[in-house]
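Single-letter residue listing:
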Amino acid sequence: MQLIDGKKIAQTIKEEIAETVKSRIEKGEKPPHLAAILVGHDGGSETYVAHKVKACEQVGFKSTLIRFEDNVNEEVLLKKVEGLNKDNDIDGFIVQLPLPKTISEQRIIEAILPEKDVDGFHPVNVGKMSIGLPAFISATPAGIMELLKRYSIEISGKNVVIIGRSNIVGRPLSILLSQKGVDATVTVCHSRTKNLDKISANADILVAAIGIPEFVTADMVKEGAVVIDVGTSRVKSDKTKSGWKLKGDVKFNEVAPKCSFITPVPGGVGPMTIVSLLQNTLIAAKNNS
Ligand code: GUN
């Protein structure tokens, strides 16, 4: 069994991005500039956004964090999005999800200019990605594709089973993996799937993106499979200073011995998602110069 070290790969890619930024600045270009809108004080969102801001600093990007309280009016948020669309100094921006129930996430996402939508959530980017055109691809699927590539994991002709059909992970990943040239045979499982354990046990590559801690057990995994764990559930822990720890969707201790490759949580897919955002922002900056 080989551990897929997302933290190490992410660090390598960050160094590559930092080199590119340095040479762009030497040529007189400005540093790429990412803005993030954060509404409210959800613990998970606060952590993710803080990581994104820190990653920008590490690679020499400029970042701007815009905060709103969770009682913010949808129109106010839309005005801010429109302002960022027009601000030529901002190369790309994200609105951290989830948003409060009073706000339509879809309306906000659709207000973002596709050229600045470095999360790849806008329907124009999703549509372009679906038919294989250049587009911003959302961070988690892009990060998983990058991990598979950097570990030279064969995908063509393989049976991939994805557990979870979310718009930001399962569905876009299924499209990327089944594209011509990638050529996996993809099955997407969800809450209504019958005999899920039998289907997953047939996977050469199993992606767990369901958001239920330790959902995937050893009996659901084929001997020699590649297992990608997208889960990042925060569970209470008296062993950490923060009082919580991250748990994946895979029961790691019993599944790992059966795998050819497996991603740990933390340190697997997570660090790659931030790097994908940086890669998208660099592309946006190049397109904007
Ligand atoms: N919430 C969870 N993941 C993401 C992400 O990749 N982007 C944004 N904007 N919000 C998220």
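Values in this document were obtained by computation on a predicted structure and should not be read as measured data. Numbering of residues starts from 1 in each chain and follows the order in which that chain's sequence is written. Confidence filtering applies because this is a predicted model: local features only for residues at pLDDT of at least 70, side-chain atom pairs given and counted only at 80 or more, and all residues used for totals across whole chains, interfaces and linings. Neither water nor hydrogens contribute to the side-chain values; these are computed over all heavy atoms in the structure.

(A) Expanded view of unusual backbone geometry. The omega torsion across Leu 97 and Pro 98 is 5 degrees, close enough to zero to call that bond cis. What counts as a helix is a DSSP run of H or I of at least four residues, what counts as a strand is a run of E of at least two, and both are numbered from the N terminus. Turning to its location among the elements, Pro 98 is positioned in the loop between strand S4 (92–95) and helix H4 (105–111). Across the junction of Val 265 and Pro 266, the peptide omega takes the value 0 degrees, indicating a cis bond. Its location among the elements puts Pro 266 in the loop between strand S11 (261–262) and helix H10 (269–287). Look at Asp 183: it is not a glycine, yet its phi comes out positive at around 70 degrees. The topology assignment puts Asp 183 in the loop between helix H7 (170–178) and strand S6 (185–189). Throughout this description, buried means an accessible area under 20% of the type-specific maximum (1.4 Å probe, protein chains only), exposed means over 50%, and partly exposed covers the range between. Given a relative accessible area of 34%, Asp 183 falls into the partly exposed group. The phi angle at Asn 195 is positive, at roughly 55 degrees, despite the residue not being glycine. Here Asn 195 lies in the loop between S6 and helix H8 (196–200).

(B) Up close: the site of the ligand. Every residue near the ligand is listed here: Lys 52, Val 95, Gln 96, Leu 97, Asp 119 and Phe 121. Gln 96 is positioned such that a nitrogen or oxygen atom in its side chain is 3.3 Å from a nitrogen atom of the ligand. Contact between the ligand and Asp 119: a nitrogen atom at 2.6 Å from a side-chain N or O atom of the residue. For the ligand, the accessible surface in isolation is 280 Å², of which the surrounding protein chains cover 80%. For the shell around the ligand, the per-class residue count stands at 3 nonpolar, 1 polar and 2 charged. Here a residue counts as near a molecule or strand whenever at least one of its heavy atoms sits within 4 Å of it. Throughout this description, a polar contact denotes any pair of N or O atoms lying within 3.5 Å of each other; where both atoms belong to protein, one of them has to be capable of donating a hydrogen while the other can accept it, and for residues adjacent in sequence the pair is counted only when both atoms sit in side chains. To be clear on the numbers: accessible area is Shrake-Rupley with a 1.4 Å probe, and residue cover counts the displayed protein chains and nothing else. For this classification, Asp, Glu, Lys and Arg are treated as charged, while Ala, Val, Leu, Ile, Met, Phe, Trp, Tyr, Cys and Pro are nonpolar and the rest, including Gly, are polar.

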